[in-house]
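The residues making up each chain are set out below.
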Amino acid sequence: MNSIEKITVPIEIRALKTANIYHISGNADYIVDTGMSENSYNELKKSVNLCKIDFCIITHLHIDHIGGALYLTKNHGIPVYISRNDYDAIKYITDNRNEYFNDYRELMISNGVPEGLFTRILEGNPIMQFINYYSSLDLNILDNMNLVDTEIIDVPGHSPGSVAIYLKDIQAMITGDHVLKNISPNISVYSNGADYLGMYIESLKKIRKYDVKIGYPGHRDNIDDFTGRIDEIIQHHMKRIQAMTKGLKHQETAFSLASSIEWSNGRKLTGMNYMEQNFAIMETIAHLKYMENNGIIEKKYINGVDMYISTN
């Protein structure tokens with residue numbers, strides 16, 4: 001039978017402060033996620049005998065989940081596995097740094113971000129900030145692990161290749177950042193034109209069908225009402241879409257819209273640090289793509305900038 005041990009480790013993101021790592025014991029002995037840095041790794045090794053770990057599974061590519069992976073491989077020889085789509089995303093970015101930077105800049109500038117602000121936001125972009133770390137990783141592609149009473153589920157949206165892990169015998173779901181209890185995961189843009197919010201909502205509906213007694217998320221507290229929390233997250237995004245639609249009675253850029261709406265706890269874009277501003281602007285772009293795909297708004301390309309307006 002599977003069993004789960006939860007280890008909470010420090011991370012260097014002020015809004016989150018900690019991340020959860022899971023030690024799974026069953027027909028294999030493995031861990032899920034690694035925290036953000038060597039600090040996370042040092043805390044992990046206080047709780048888990050890493051010499052007995054068979055492998056590590058990463059739920060998604062974000063630095064606060066993969067940031068300890070290097071130390072598992074380097075210090076203990078533990079193989080680290082990640083989904084094909086997130087593996088490909090990391091490889092593309094690290095092998096094509098200039099192209100990734102140019103695409104990122106074009107996305108930001110074409111959505112109305114001033115050049116000076118973009119330069120400052122770039123410093124807080126986690127991918128650019130940790131790109132040398134990503135290049136140093138020795139990753140394996142997550143295929144069929146042949147784990148007893150365990151299903152690895154593709155849940156793209158929060159990242160191109162996010163996965164959840166369902167432990168059938170104990171009706172538990174390790175969710176990464178796909179479902180969190182008290183906060184809504186950031187939905188960003190990884191390739192211009194793809195509808196990541198659409199993917200995310202479909203992935204939520206997909207795992208809602210599973211019989212889950214308890215959810216084990218990547219941050220903070222466990223999730224007791226799994227389907228209820230999924231419904232809350234979907235409703236959160238529908239409310240966000242309603243608020244954005246009201247702000248698009250006249251043509252706006254993604255940046256001007258992100259600057260005008262209220263974010264969590266009534267915060268405004270100008271009160272965020274540069275990493276948080278990056279997340280907010282990217283999430284706005286992701287929502288606008290979903291809204292465009294569903295006929296709620298239309299986009300016009302005017303003088304090198306994407307402008308959005310409600311169709312109602």
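Above this text you will find the structure in question.
Let us look at the structure shown here. Predicted model only: the values in this text are computed from it and were never measured.

1. Some points on the overall build of the protein chain
Right, on to step 1. When helices and strands are tallied, the protein chain shows twelve helices and twelve strands.
Right, on to step 2. Against the globule reference of 20 Å for 312 residues, the protein chain gives a C-alpha radius of gyration of 20 Å, in line with a compact fold.
Right, on to step 3. C-alpha atoms of the protein chain, sized along the principal axes, occupy 60 × 40 × 30 Å.
Right, on to step 4. Looking at the protein chain as a whole, 54% of its 312 residues qualify as buried.
Right, on to step 5. Across the protein chain, contacts joining residues at least 24 apart in sequence account for 67% of those joining residues at least 6 apart.
Right, on to step 6. Accessible surface computed for the protein chain: about 13,800 Å², of which carbon and sulfur atoms make up 46%.
Right, on to step 7. Once the 30 positive and 38 negative side-chain charges of the protein chain are each reduced to a mean point, those two points are 5 Å apart.

2. What to know about the packing of aromatic side chains
Right, on to step 1. Per the counting criterion, the structure on display carries ten aromatic pairs.
Right, on to step 2. Measuring from centroid to centroid gives 5.4 Å for Tyr190 and Tyr196, while their planes differ by 65 degrees, and the two rings are edge-to-face.
Right, on to step 3. Among the aromatic side chains, those forming a connected cluster through ring pairs are Tyr100, Phe101, Tyr104 and Phe118.

3. Digging into the packing of helix H9 (residues 196–208) against helix H12 (residues 274–293)
Right, on to step 1. At a minimum axis distance of 7 Å, the contact between H9 and H12 shows a crossing angle of 80 degrees. By the angle class used here, H9 and H12 are roughly perpendicular. In this structure, H9 contributes Leu197, Gly198 and Ile201 to the contact, and H12 contributes Ala286, His287 and Tyr290.

4. Concerning the nonpolar core
Right, on to step 1. If you look at the biggest cluster of nonpolar residues, it comprises 51 residues, and the most contacted ones within it are Val113, Met173, Val179, Ile207, Phe226, Ile281 and Leu288.
Right, on to step 2. Broken down by secondary-structure element, the contributors of at least two residues to this core are helix H5 (97–110), helix H6 (115–123), strand E8 (163–167), H9, helix H10 (226–246), helix H11 (254–260) and H12.
Right, on to step 3. In terms of residues, this core owes the most to one element, H12, which gives eight residues.
Right, on to step 4. Look past the residues within four positions of Met173 in its chain and what remains in contact with it is Ile153, Ala164, Ile165, Tyr166, Ile207, Tyr210, Val212, Ile214, Gly215, Tyr216 and Phe226.
Right, on to step 5. The next biggest cluster of nonpolar side chains, apart from the first, holds 36 residues, and it includes Ile7, Ile53, Ile78 and Leu137.

5. Quick notes on the sheet that holds E8
Right, on to step 1. Pairing in this open sheet of four strands is mixed, and the strands run E7-E8-E9-E10 from one edge to the other. The sheet terminates laterally at strand E7 (150–154) and strand E10 (214–217), the two strands that pair on one side only. Direction aside, neighbouring strands of the sheet carry axes that sit 20 degrees apart on average.
Right, on to step 2. Across three bridges, E8 lies against strand E9 (residues 172–176) in antiparallel orientation. Residue pairing across strands places Leu167 opposite Ala172, the latter belonging to E9.

6. Description of the sheet that holds strand E1 (residues 3–10)
Right, on to step 1. Reading across the sheet, the six strands line up as E1-E2-E3-E4-E5-E6 and stay open at both edges, with mixed pairing between neighbours. The sheet is open, and its two edges are formed by E1 and strand E6 (139–141), each paired on a single side. On average, each strand axis in the sheet is inclined to that of its neighbour by 30 degrees, with strand direction left out of account.
Right, on to step 2. Bridge count between strand E5 (residues 80–82) and E6: three bridges; the pairing is parallel. Paired with Ile82 across the two strands is Ile141, which belongs to E6.

7. Thoughts on the side chain of His287
Right, on to step 1. Structurally, His287 can be placed in helix H12.
Right, on to step 2. Its relative accessible area of 0% is what places His287 among the buried residues.
Right, on to step 3. Setting aside anything within four residues of it in sequence, one finds His287 in contact with Leu197, His237, Arg240, Ile241 and Met244.

8. Topic: the pattern of salt bridges
It is possible for side chains bearing opposite charge to pair when their charged atoms get close.
Right, on to step 1. In total, this model carries eleven salt bridges according to the counting rule given.
Right, on to step 2. The shortest N-O distance in the salt bridge between Glu232 and Arg229 comes to 3.0 Å. Here Glu232 and its partner Arg229 are both found in helix H10, three residues apart, which amounts to about one turn of the helix.
Right, on to step 3. Overall, the relative accessible area of 47% leaves Glu232 in the partly exposed class.
Right, on to step 4. Using a relative accessible area of 10% as the deciding quantity, one classes Arg229 as buried.
Right, on to step 5. Through salt bridges with shared partners, a single ionic network connects Arg14, Arg267 and Glu276.

9. Some remarks on the packing of helix H4 (residues 84–95) against H5
When two helices pack together, their arrangement is given by the angle between their axes and by how far apart the axes lie.
Right, on to step 1. Between H4 and H5, whose axes approach to 5 Å, the crossing angle comes to 100 degrees. Taken together, the axes of H4 and H5 lie roughly perpendicular to each other. Contact residues: H4 offers Tyr92, Ile93, Thr94 and Asp95, while H5 offers Arg97, Glu99, Tyr100 and Asp103.
Right, on to step 2. Counted by class, the contact of H4 with H5 contains three nonpolar, one polar and four charged residues.

10. Observations concerning the pairing of strand E2 (residues 18–25)
Right, on to step 1. For E2, the tally of buried residues reaches six of eight residues, placing the bulk of the element in the interior.
Right, on to step 2. The sheet contact formed by E1 and E2 spans eight bridges and is antiparallel. Bridge pairing in E2 links Pro10 to Thr18.
Right, on to step 3. Two successive antiparallel strands, E2 and strand E3 (residues 29–32), enclose a turn made up of three residues.

Calculation criteria
- Residues numbered from 1 in each chain as written.
- Predicted model: local features only at pLDDT ≥ 70, side-chain atom pairs only at ≥ 80, totals over all residues.
- Heavy atoms only, no water.
- Helix = DSSP H or I, 4+ residues; strand = E, 2+ residues; numbered from the N terminus.
- Rg over C-alpha atoms; globule rule 2.2 N^0.38 Å.
- Buried < 20%, exposed > 50% of the residue type's maximum accessible area, 1.4 Å probe, protein only.
- Contact = heavy atoms within 4.5 Å.
- Areas by Shrake-Rupley, 256 points an atom, 1.4 Å probe, with all protein chains shown as cover.
- Lys, Arg positive; Asp, Glu negative; His and termini not counted.
- Charge placed at Lys NZ, Arg CZ, Asp CG, Glu CD.
- Phe/Tyr/Trp six-rings, centres within 6.5 Å; stacked < 30°, edge-to-face > 60°.
- Axes fitted to C-alpha atoms, helices over the stretch in contact; angles between N-to-C directions.
- Parallel < 35°, antiparallel > 145°, perpendicular 65-115°, else oblique.
- Core = buried A, V, L, I, M, F, W, Y, C linked by side-chain atoms within 4.5 Å.
- Pairing = 2+ DSSP bridges.
- Salt bridge = Lys/Arg side-chain N within 4 Å of Asp/Glu carboxyl O.
- Nonpolar A, V, L, I, M, F, W, Y, C, P; charged D, E, K, R; others polar.

By themselves, these are just geometric observations and shouldn't be taken as functional.
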